[in-house]
Structure formats: C-alpha cells, structure tokens
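Each chain, written out:
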Amino acid sequence: QVQLVESGGGLVQAGGSLRLSCAASGWTLSSYDMGWFRQAPGKEREFVAGISWSGDSTYYADSVKDRFTISRDNAKNTVYLQMNSLKPEDTAVYYCAARRPYNNIATMARLYDYWGQGTQVTVSS
C-alpha cells in the first residue's frame, strides 16, 4: 500500500523554524520526484518546493525562496522541508507528494500521483 506520512508540524512564533519530514511506507520513493505543497483555509493548494528523484535539482516558490530548503535521504526513504524565518502567512496544512519523473520538477498539484495526509503548521505573530 502506497503511503506517505508527514510529521514535524506544530505551532511556532514568527521568525522561528520547523523541519517537516515525509516518510514513505510500503514502497520506495527514491525513483520519484517529490514536492511539498500547502493549503491555507479558503485558499487553493499551492506549490512550495520540489526535488528531483536524484536530489540534484530543486525548485522553490518565490514566497519561500531563501527561507525553506527541501532535501531527501533516499536511504531513509524520507524527504524533508526545513523552514526558517517563518512568517504568519506560512500558516497552512503542508502536504508532501510524489510524482514519477518527467522532465522538470512539476509545480502543479494535479501532476503528482501520491499524497500524504498533511501536517498543520501554525505561525503566530
């Protein structure tokens, strides 16, 4: 059974940091591009960051560039999102997703094949 499980969310003050993890269960994610998305109440799900299956290529939304870092450890079957200098507008449910590699890192949610259940990140001002 293909499963992605996010963890690491929580409540943090503005300017603080969190590291999200996304672990694959029952399958290996080493051959998949991975992405992080987020969805705030009343808003559409938006792309945050992506990483190629090899880890050689990453891509970020402008809103998180220079603050967030996506990485992966294929030996641990896990993808990470290090979030620094958090802002209240980063508050959302964060989802990880997997996609079979095809050209560039995809930023559209509908192009991803598998999704986790999400983890809540709340940034207080």
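Here, the structure is the one placed above.
Caption draft 1: How the structure looks around the sheet that holds strand S1 (residues 3-7). Pairing within the open sheet is antiparallel, and its four strands lie in the order S1-S3-S8-S7. Both edges of this open sheet fall to S1 and strand S7 (68-73), since each of them pairs with a single strand only. Going from strand to strand, the sheet's axes swing by 15° on average, the running direction of each strand aside. For strand S3 (residues 18-25) and strand S8 (residues 78-83), the ladder comprises six bridges, and the chain directions are antiparallel.

Caption draft 2: Representation of the side chain of Arg38 in the model. Mapped onto the fold, Arg38 is located in strand S4 (residues 33-39). For Arg38, a relative accessible area of 6% gives the class buried. Within the local environment of Arg38, its side chain forms a polar contact with the side chain of Glu46, the two groups lying 2.6 Å apart. A polar contact of 2.9 Å, which involves the side chain of Arg38, links it to the side chain of Asp90. In this structure Arg38 touches Glu44, Arg45, Glu46, Val48, Ser63, Val64, Phe68, Glu89, Asp90, Ala92, Val93 and Tyr94, once residues within four positions along its chain are discounted.

Caption draft 3: Summary view of the nonpolar core. Ranked by size, the top nonpolar core spans 36 residues in total, and within it Leu4, Met34, Trp36, Leu81, Met83 and Tyr94 carry the most contacts. At the level of elements, S3, S4, strand S5 (46-51), S7, S8, strand S9 (92-99) and strand S11 (119-124) are the ones that each hand at least two residues to this core. When residues in this core are grouped by element, the largest group, five residues, is from S9. Leu81 has contacts with Leu18, Arg19, Leu20, Trp36, Val48, Ala49, Phe68, Thr69, Ile70 and Tyr94, leaving out every residue within four places of it along the chain.

Caption draft 4: Just unusual backbone geometry, in detail. One non-glycine residue with positive phi stands out, namely Asp66, at about 75°. For Asp66, the position within the fold is in the loop between strand S6 (58-60) and S7. Accessibility expressed as a relative area gives 78% for Asp66, which makes it exposed. Although it is not a glycine, Ser85 adopts a positive phi angle of roughly 50°. Checked against the element boundaries, Ser85 lands in the loop between S8 and S9. Overall, Ser85 belongs to the partly exposed group, its relative accessible area being 40%.

What counts and what doesn't
- Counting starts from 1 at the beginning of each chain's written sequence and moves along it residue by residue.
- This being a predicted model, a pLDDT of at least 70 is required before a residue's local features are given, and a value of 80 or more before pairs of side-chain atoms are given or counted; all residues contribute to the totals for chains, interfaces and linings.
- The basis for every side-chain value is the complete set of heavy atoms in the structure, and neither hydrogens nor water enter the calculation.
- Note: two strands are recorded as paired if DSSP finds a minimum of 2 bridges between them.
- A run of DSSP states H or I qualifies as a helix once it reaches four residues; a run of E qualifies as a strand once it reaches two. Both are numbered from the N-terminal end.
- For helices, the fitted axis covers only the stretch in contact; all axes are lines through C-alpha atoms, and the angles between them, taken along N-to-C directions, range from 0 to 180 degrees.
- The classification of residues rests on relative accessible area computed with a 1.4 Å probe and restricted to protein chains. Under 20% of the type maximum is buried, over 50% is exposed, and intermediate values are partly exposed.
- By the criterion applied in these results, polar contacts are pairs of N or O atoms within 3.5 Å in which, for protein atoms, one can donate a hydrogen and the other can accept it, and in which residues neighboring in sequence qualify only through two side-chain atoms.
- Here, residues are in contact when the closest pair of their heavy atoms is within 4.5 Å.
- Here, nonpolar core refers to any group of buried Ala, Val, Leu, Ile, Met, Phe, Trp, Tyr and Cys residues whose side-chain atoms link them within 4.5 Å.

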